[in-house]
Amino acid sequence: MLKIENLSVHYGGIHALQGVSLEVPEGKIVTLIGANGAGKSTTLKAIIGLIKTSGGSVSWNGKSLAGMPTKDIVESGIVLVPEGRRVFANLSVDENLSLGAYARKDKSAVEADRARVFKLFPRLDDRKKQKAGTLSGGEQQMLAVGRAIMTRPKLLMMDEPSLGLAPLVVKMIFDIIKEINAEGTTILLVEQNAKAALMAAHFGYVLETGRITLEGEGRQLLADDRVRKAYLGEAL
Amino acid sequence: MMLETKGATMRFGGLTAVSELNLCVEHGEIVGLIGPNGAGKTTAFNMITGVYEPTEGKVIFTGKDITGKKAHSITEAGIARTFQNIRLFSTMSVLENVLVGCAVREKPTWFNSVVRTPAYRKHDRESHKFAMELLSETGLAELAGERATSLPYGKQRRLEISRALASRPKLLLLDEPAAGMNPQESIELMEFIRRVRDRFDLTILLIEHHMQVVMGICSRMYVLDYGVTIAHGTPDEIRRDPKVIEAYLGVE
Amino acid sequence: MKTRNTVLTGLAIAIFALVLWLADKNLGGYAMRILNLSAIYVVLSLSLNLVNGFTGLFSLGCAGFMAVGAYVSALLTMSPEVKEMNFFLEPLAPWLARLTLPFALALVAGGFCAALAGLVVGIPVLRLKDDYLAIATLGFSEIIRVVITNLQGLTNGAQGLKNIPKFSTTWTVWGVAALVVAFMALLTRSSYGRQLKAVRDDEIAAEAMGVNVFRVKVTSFTISSFLAGVGGALLGHMITTIDPKMFSFMLTFNILLIVVLGGNGSITGSVIASILVTVLMEALRFLDEPLNLFFFKTNGLPGLRMVVFSAMLMAVVILRQRGLMGDQELTWSGFEKAGLLPRSKKGASK
Amino acid sequence: MDLATFLQQLANAASLGSLYSLIAIGYTMVYGILRLINFAHGDIFMLGAYFAFYLIASVALPWWVAFLVAIAITSLFGIALERIAYRPLRDSPRISLMISAIGASFLIENLGVVIFGGRPKSFASIPLFDTVVRMGSVQVLSVSLFIPVITILLLVVLLFVVNRTKTGMAMRAVSTDVEAARLMAIDVNKVISYTFGIGSALAAIGGILWTMKYPQLNPLMGIMPGLKCFIAAVIGGIGNISGAVLGGFLLGFIEIMVAAFLPALTGYRDAFSFILLILVLLLKPSGLLGKKQTVKV
């Protein structure tokens, strides 16, 4: 349903993406792995219209997203949980969730979604009135995901959800990702924790210096020598 | 002992970014600092190079206490660094970037610069020569006149290292030198780092995510997680350490 | 290569001097005044460009330092009789009343006092950044003005000073302007100049490369204040009357306009823009006078000229942020590349 | 000094402080959202007063209608200013944005000189505001009593809008993180326009009340209050509405009280605020109610 062809992005003098093509089929978890600076976040930001692309196309259910403002892309059903969570620190947990539903008019469905988020993350329910900035890293990540769910996405994109989180929390986040997916939301996941990502994903792409160098099913990539050597730190 | 940190701790408000860091780096070593993002590695660098003053503890460099000194005097004392997100002087040429690095040894003043005193001219000639030498060493000599930020990513990283070397450091800190490089470039970088160490008689402390790079060139490494040193030892020891596997190499 | 450029530069200076000589002989007082005003603006815009363009500090304190230079130089050169005439409300401090120095000495003293003010202001204020720095320097400039207004016994307060000796001749102002251009060219292309630009491009990296960022900032700010003081003094000796109102934020704004128009970080840009703006400013004076456009007559609209000017600044900032020259310079090799000069034998020039 | 004079000065200080607060709020809101010192804010304050003046003097509207219309026009003017002068520069270095703001400020002032004339105009007296109120031995103009009351009412309304409404929530979101706000399908441009609209409306109210108290209009009347109120916003902690009000009152009190108790320093009155600013910036750079920020390397 999301199809990227030959996407290219320039940052100042740097050619950050050099013709990236990938596909995210409906109902699947797709992951994009690679080293720091390989262009993973850039890909996600280009999809959602936060940065300008310099070539190639992004189509969403057959419709081109080129030149669309982020607001309209989000309303069409794509959302991004940004790297480093970026919750609104001075706003309460509840307000953060309401902002997720900012553009929505269907009040009762919004409340249903809020209940669903609290069911997924009971800890957020306990801290409803608290300022988001006072939450722990793991709770902020939950809030960022919850806030994204409030936009009612068909495609949920996540940028480094495990960043700086304790192993136990990472495991929980990945369980939630699988749960959300099981409820019918398609997921595009960017991760430096290659192992966890590939274990959870149906399909994976490896990005190196702005180019896709490998692709395949998650478990298949996990077994690939090149991936094991470069991203899993295994001396072979 | 080249560098030693004794219980160096950095707190921001309630958050402890690095706690009780005890690094020891011997002359001529290449030592790695690894850990998940947000583990406090860059903060450790910032404490050593004087960007932050440690909340507690000491930083000792070649036997002298440099805790709390200003960043520029630490560079003068002989520690140079590169940055995680490249910080070149964007409006200057490649050569000029390196010349700024050289200046710490010339100590120019506005007066001798304008008057072009004989001493200034001598320093200036020497710096130009040394800068060009460095650029040929790092394979950037042909690009000397180009704007620094027009270079491709990998070359910008090399330029940043050249600029750091221009200050004639004894200890070089590299913050993720292989970030944004593909495996082939990373291998070249490893060789480059080794060569640079031998050629300039350096000691190197580096932060890196590319496991292949770290394991390949470091004689020892420290692993940080949540600001706490959870392990240190040779690459082989680290690879087998269950705590490291859990924290860093990913969950099963 | 180098010799050719030196010869060309020498030739250009000689031609310019000749033009000045001819102008001085043939043009009327009004035209010469405008030409000489341009020279003073060259000094002032380079002073601001050193801080804003080359060191990347957004300072809005220019007018205050100009005021210091103008008052010091005026008070040191006026004759005891003129001083007595000026200070009729409250007599001037006696040690100053009898002191009269040669112009050159007074000019330098004006610069030094402004530099001293710059140093005193700079040390606390340069710890701030960006817009905070801008507003704090603007604040200090206003404080200097308020102090001058209130120090009746030293500055004659709001009445200002009249009959300042008219020392700013064509040769003086253009001589000083030439010196300042040379100074800036030498400074910005030196090792120290690279430190200034390093601070502008990335403070953290500069500090990490061993540049004492704070000291560089204070030095640049102090030198800039010196130049502003000299420019202010020249201005005083040209129009022969000064008062605190003259040194308001409006004056800083005029200079900022020149720097932005010429290009932040370009010496030649500032020189060209100084002349352009000064001449245009006069040429547009008709806007303030009654208009008679055949069908349509207006009464004088004082202020229309400044409307046009503010609109120009905004247009430049919005449409061409880099100004005329960006941070580039007009160079002989640039002319060569543009095909305006015959190609030299040896390859690239530097 | 006797008690009566002190109370008299206190009333003066309260109304001056209130006026400063009203203008300072506009600075703080715009800075919070765009990280821009809106140099032209003082001139918007001036425009508000002039619009009201012309609507009464030339269009002959009843004063309260004129005030409401003037506030609305000024508010639209603020929105237009952001569109024309600031929006095209949003991705440019902050210095360019600030130069554009300075340019806009001068443009408005000079246009004011051309259109309104450089000579000061005086506001016709409105009895409701011009009555002298006596309380014991203290005499104040009624407007001096209205000003603090109106300011407090407006502050309550504003805090309600910012903290309790959806638009207010979006404003707070945009001022914390523009990019994340975009990801929430918030129309950032619209939110910025609202901010300018509200800030300009408050400036207009401030301008009108100012001329009720000091009934002289001139095109450059916005410069000094503008600068001082920016200072008030910084002192209180820029980006923080309550901080702006605190800063405004503080400045008003210091100015009036120093002039009252130390008459020898009256000539330096305009310098007080700048000295206070520099002290605060050096001692607590984030302002009295501001939060500390660390630089990321």
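Scope of this entry: the structure provided in the associated data block. (Residues numbered from 1 in each chain as written. Chains lettered and ligands numbered in written order. Predicted model: local features only at pLDDT ≥ 70, side-chain atom pairs only at ≥ 80, totals over all residues. Heavy atoms only, no water.)

Here's the deal with the interface of chain D and chain C
Then, number 1: Taken residue by residue, the interface counts 42 residues in chain D and 38 residues in chain C.
Then, number 2: Buried surface at the junction of chain D and chain C, both sides included, amounts to about 3500 Å², of which 82% is carbon and sulfur.
Then, number 3: Here chain D and chain C share two salt bridges between them.
Then, number 4: For R94 of chain D, the salt bridge is made with D131 of chain C, and the minimal N-O distance between the two is 2.7 Å.
Then, number 5: Of all elements in the fold, only α3 (63-86), α4 (94-116), α10 (223-236) and α12 (269-283) of chain D reach the threshold of two or more residues within the side of chain D that touches chain C.
Then, number 6: With 15 residues, α4 of chain D is the largest single contributor of residues to the side of chain D that touches chain C. (Contact = heavy atoms within 4.5 Å. Buried area = accessible area lost by both parts, 1.4 Å probe. Salt bridge = Lys/Arg side-chain N within 4 Å of Asp/Glu carboxyl O. Helix = DSSP H or I, 4+ residues; strand = E, 2+ residues; numbered from the N terminus.)

Considering the packing of helix α3 (residues 93-100) of chain A against helix α6 (residues 137-149) of chain A
All names here are of chain A.
Then, number 1: Two elements in contact, α3 and α6, have axes separated by 7 Å at closest approach and are oriented at 35 degrees. When the axes of α3 and α6 are compared, the crossing they make is right-handed. Contacts from V93, N96, L97 and G100 in α3 reach L143, G146 and R147 in α6.
Then, number 2: Each residue belonging to the contact of α3 with α6 can be placed in one class, and the counts come to three nonpolar, three polar and one charged. (Axes fitted to C-alpha atoms, helices over the stretch in contact; angles between N-to-C directions. Left-handed = near helix turned anticlockwise from the far one by under 90°. Nonpolar A, V, L, I, M, F, W, Y, C, P; charged D, E, K, R; others polar.)

Describing the interface of chain B and chain C
Then, number 1: On the side of chain C, 27 residues touch chain B, which itself brings 31 residues to the contact.
Then, number 2: It is H72, W110 and V114 of chain B that lose the most area in chain B upon contact with chain C, and together they represent 23% of the buried surface on that side.
Then, number 3: One can count two salt bridges joining chain B with chain C.
Then, number 4: Taking the shortest distance from any N to any O, the salt bridge between R194 of chain C and D124 of chain B comes out at 3.7 Å.
Then, number 5: At the boundary of chain B with chain C, the tally comes to eleven residue pairs in polar contact (both at pLDDT 80 or more).
Then, number 6: Breaking the side of chain B that touches chain C down by element, the ones donating at least two residues are α2 (71-77), α3 (94-106), α4 (110-115), α5 (118-137) and α6 (153-166) of chain B.
Then, number 7: By residue number, the principal contributor to the side of chain B that touches chain C is α3 of chain B, which donates seven residues.
Then, number 8: Tallied by class, the residues present in the side of chain B that touches chain C amount to 14 nonpolar, eight polar and nine charged. (Polar contact = N/O pair within 3.5 Å; in protein donor to acceptor, adjacent residues only side chain to side chain.)

A look at the pattern of salt bridges
Then, number 1: Under the definition given, this model contains 41 salt bridges over all chains.
Then, number 2: One salt bridge in this structure joins D201 of chain C and R200 of chain C, with 3.3 Å as the shortest N-O distance.
Then, number 3: In this structure, the salt-bridge partner of R269 of chain D is E255 of chain D, at a minimum N-O distance of 3.3 Å. With R269 of chain D in helix α12 and E255 of chain D in helix α11 (residues 241-261), this pair connects stretches of sequence that are 14 residues apart.
Then, number 4: Since its relative accessible area comes to 29%, R269 of chain D is described here as partly exposed. (Buried < 20%, exposed > 50% of the residue type's maximum accessible area, 1.4 Å probe, protein only.)

Regarding empty space enclosed by the protein
Residues and elements named next belong to chain C.
Then, number 1: A complete count under the given rule lists four cavities of 30 Å³ or more for this structure.
Then, number 2: If you go around the second largest cavity, the residues you meet are S47, L48, V51, S59, G61, C62, F65, F221, S224, S225 and A228.
Then, number 3: The element contributing the most residues to the lining of the second largest cavity is helix α12 (residues 213-239), with four residues.
Then, number 4: Residue composition of the lining of the second largest cavity, by class: six nonpolar, five polar and no charged. (1 Å grid on protein atoms, 1.4 Å probe; cavity = no way out; pocket = protein on both sides within 12 Å on 5 of 7 lines; lining within 4 Å. Points joined across faces, edges and corners; volume = space filled by probe spheres on them.)

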